[in-house]
Amino acid sequence: MTLNAAQQHQALPGVRHFLKDDDITPAQQAEILDLAAKMKADRHAHRPLAGPKSVAVVFEKPSTRTRLSFDVGIAELGGHSVVIDAQSTQLGRGESVADTARVLSRYVSAIVIRTFGDDRIAELAEPATVPVVNALTDGWHPCQLLADLQTIAEHRPLKGTSIAYLGDAAFNMGNSTVIASSLAGMHVRVGAPEGYQPAAEVLERAARINAATGGSVTVTADPVEAVAGADVVSTDAWVSMGMADSAKRFGELHAYQLNAGLLAHAADDAIVLHCLPAHRGEEITDECLDGPQSRVFDQAENRLHAQKALLAWLVKESQ
Ligand code: CP
């Protein structure tokens, strides 16, 4: 039987999306991180997108690292990237993300998108017949966490390592840190005040994962308790894109600033992470960001390698 064009582009049961950290299993996460390390060691040896296969990279919010690392990474994989600001497309005039996904699926081998609500990326992924990758939503930043885990793994084995996450843990970076680290069998200590702690649903998901991986999550409003003895200390901006209530947030979060005094409570060989962009003097001080324990710029570089591995894996798994 010959399929018509529409039938050929119905969603394949095997198409793999990466919308949140636990869309992959612990074993698949380890496989992607292993591939990322190989790609970093021999940067131009892997060309699974040769052809070239094209990838659409769509932004509904600003970006430096995500935009550049996907664009460069797709080229290094032998592919062709089409990087677009949504406002310059018909999305900016109200075309639905579902119709956009149906159209882009006819052109490209994967769709990467940075957008707002997780309902929006789910609406895009549902009719897409190619992998859809979350390049940051309000709820999740799973590509960042692959890079974070790659950076930690360069320092020490992931399983059993403790990571303190400070500040606003109720948003994308906090959620992804809790879930991705749990998948890796790590021990997460969230240091955040009430109102900034992960939602119960996120903690319940982490508990289910940790029952299998041996990881754990603890939540405390005491920043010293969160950091005490930690192998990794991570934080993010207190005011994310689109947030208006900055004065209130600064007042509630200032005790969670990652500074030398707080870092002194961590393990002697602890490393410092920040996904960037940083607001120096707010959530993190210069002495931590630029100090000998900082791995922040390795972390930024690893966006490139981790996302190359992710794209190669998703395209392979979706064939
Ligand atoms: N960390 C991160 O996602 O950086 P950009 O906003 O610059 O992409």
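Residues numbered from 1 in each chain as written. Predicted model: local features only at pLDDT ≥ 70, side-chain atom pairs only at ≥ 80, totals over all residues. Heavy atoms only, no water.

What follows covers the site of the ligand. Taken together, Ser63, Thr64, Arg65, Thr66, Arg114, His141, Gln144, Cys275, Leu276 and Arg303 form the complete shell of residues around the ligand. Note that an oxygen atom of the ligand is positioned 2.6 Å from one of the side-chain N or O atoms of Ser63. In this structure, Arg303 approaches the ligand through a side-chain N or O atom, which is 3.2 Å from an oxygen atom. Of the residues contributing to the shell around the ligand, the split by class is 2 nonpolar, 5 polar and 3 charged. (Near = heavy atom within 4 Å. Polar contact = N/O pair within 3.5 Å; in protein donor to acceptor, adjacent residues only side chain to side chain. Nonpolar A, V, L, I, M, F, W, Y, C, P; charged D, E, K, R; others polar.)

Another point: the side chain of His141. Tracing the backbone through its elements, the reader meets His141 in the loop between β4 (132–134) and α6 (142–153). For His141, a relative accessible area of 3% puts it in the buried group. Beyond its immediate sequence surroundings of up to four residues, His141 is in contact with Thr66, Arg114, Ala135, Leu136, Asn172, Met173, Ser176 and Arg303. (Helix = DSSP H or I, 4+ residues; strand = E, 2+ residues; numbered from the N terminus. Buried < 20%, exposed > 50% of the residue type's maximum accessible area, 1.4 Å probe, protein only. Contact = heavy atoms within 4.5 Å.)

What follows concerns the pattern of salt bridges. Taken as a whole and assessed by the stated rule, the structure comprises 18 salt bridges. The closest approach of N and O atoms between Asp23 and Lys20, which form a salt bridge, is 2.7 Å. The class of Lys20 is partly exposed, set by a relative accessible area of 26%. Lys38 is the salt-bridge partner of Asp34, the closest N and O atoms lying 2.6 Å from each other. Here the residue Asp34 and the residue Lys38 both occupy positions in helix α2 (residues 26–41), the gap between them amounting to 4 residues, near one helical turn. Note on Asp34: relative accessible area 42%, which makes it partly exposed. Since its relative accessible area comes to 41%, Lys38 is described here as partly exposed. Residues participating in the shared-partner salt-bridge network are Asp22, Glu201 and Arg205. (Salt bridge = Lys/Arg side-chain N within 4 Å of Asp/Glu carboxyl O.)

Before going further, it helps to spend a moment on helix α3 (residues 65–76). Between its first and last C-alpha atoms α3 spans 16 Å; for 12 residues at 1.5 Å apiece the expected length is 16 Å, and the two agree. The elements touched by buried residues of α3 are β1 (54–59), β2 (80–85), β3 (110–114), β4, α6 and α13 (296–317). Of the residues trailing α3, Gly78 is marked for its positive phi of about 90°. (Expected span 1.5 Å × (residues − 1).)

Turning our eyes to something else, we now look at the environment of Arg189. By the element assignment, Arg189 lies in strand β6 (residues 187–191). When the C-alpha positions of Arg189 and Leu35 are compared, they lie 28 Å apart, and in sequence the two are 154 residues distant. Excluding residues that lie within four positions of it along the chain, Arg189 makes contacts with Ser162, Ile163, Ala164, Tyr165, Thr218, Glu225, Ala226, Val227, Ala228, Gly229 and Ala230.

To continue, consider the nonpolar core. In a soluble, globular protein the nonpolar side chains are often hidden away together inside. Within the largest apolar cluster, 56 residues are counted, with the highest numbers of intra-cluster contacts made by Phe70 and Ile152. With 8 residues, the single largest contributor to this core is α13. In terms of nonpolar packing, the next biggest core, distinct from the first, is built from 18 residues, Leu258, Ala266, Val272 and Cys288 among them. (Core = buried A, V, L, I, M, F, W, Y, C linked by side-chain atoms within 4.5 Å.)

Orientation of α6 relative to α13, taken along the N-to-C sense of each, is 115°, at an axis distance of 8 Å. With respect to each other, α6 and α13 are oriented roughly perpendicular. Helix-helix and strand crossings are classified by hand; for α6 and α13 the assignment is right-handed. Here Cys143, Gln144, Leu146, Ala147, Asp148, Gln150 and Thr151 of α6 lie close against α13, whose contacting residues are Asp298, Gln299, Asn302, Arg303, His305, Ala306, Gln307 and Leu310. Partitioned by chemical class, the residues of the contact of α6 with α13 number 5 nonpolar, 7 polar and 3 charged. (Axes fitted to C-alpha atoms, helices over the stretch in contact; angles between N-to-C directions. Parallel < 35°, antiparallel > 145°, perpendicular 65-115°, else oblique. Left-handed = near helix turned anticlockwise from the far one by under 90°.)

What follows covers the pairing of β3. Along β3, 5 of the 5 residues are buried, which leaves the element largely enclosed by surrounding structure. The two faces of β3 match: Ala110, Val112 and Arg114 on one face and Ile111 and Ile113 on the other face are all buried. Relative to β3, β1 runs parallel, the two sharing 5 bridges. When the sheet's bridge partners are listed, Ala56 is paired in β3 with Ile111. A crossover links β3 with its parallel partner β4, the connecting element being helix α5 (residues 118–125), and its sense is right-handed. (Pairing = 2+ DSSP bridges. Right-handed = clockwise from strand over helix to strand, strands pointing away.)

If you trace the 5 strands from one edge of the open sheet to the other, you get β7-β6-β5-β8-β9, paired in parallel fashion. Each edge of the sheet is formed by a strand with only one pairing partner; in this case those strands are β7 (216–220) and β9 (271–274). Here the strands of the sheet are splayed against their neighbours by 20° on average, with no regard to which way each runs. Summarising the sheet, β6 and β7 pair through 5 bridges and their orientation is parallel.

Here the focus is the sheet that holds β3. One open sheet accounts for 4 strands, arranged β2-β1-β3-β4; its pairing is parallel. Two strands lie at the open edges of the sheet, namely β2 and β4, each paired on one side alone. Strand-to-strand twist across the sheet, computed as the mean angle between neighbouring axes with direction ignored, equals 20°. With 3 bridges connecting them, β3 and β4 associate as parallel partners. Along β4, the bridge assignment pairs Ile113 with Asn134. Sheet strands in contact with α5 are β3 and β4, and its direction is about 165° off that of β4.

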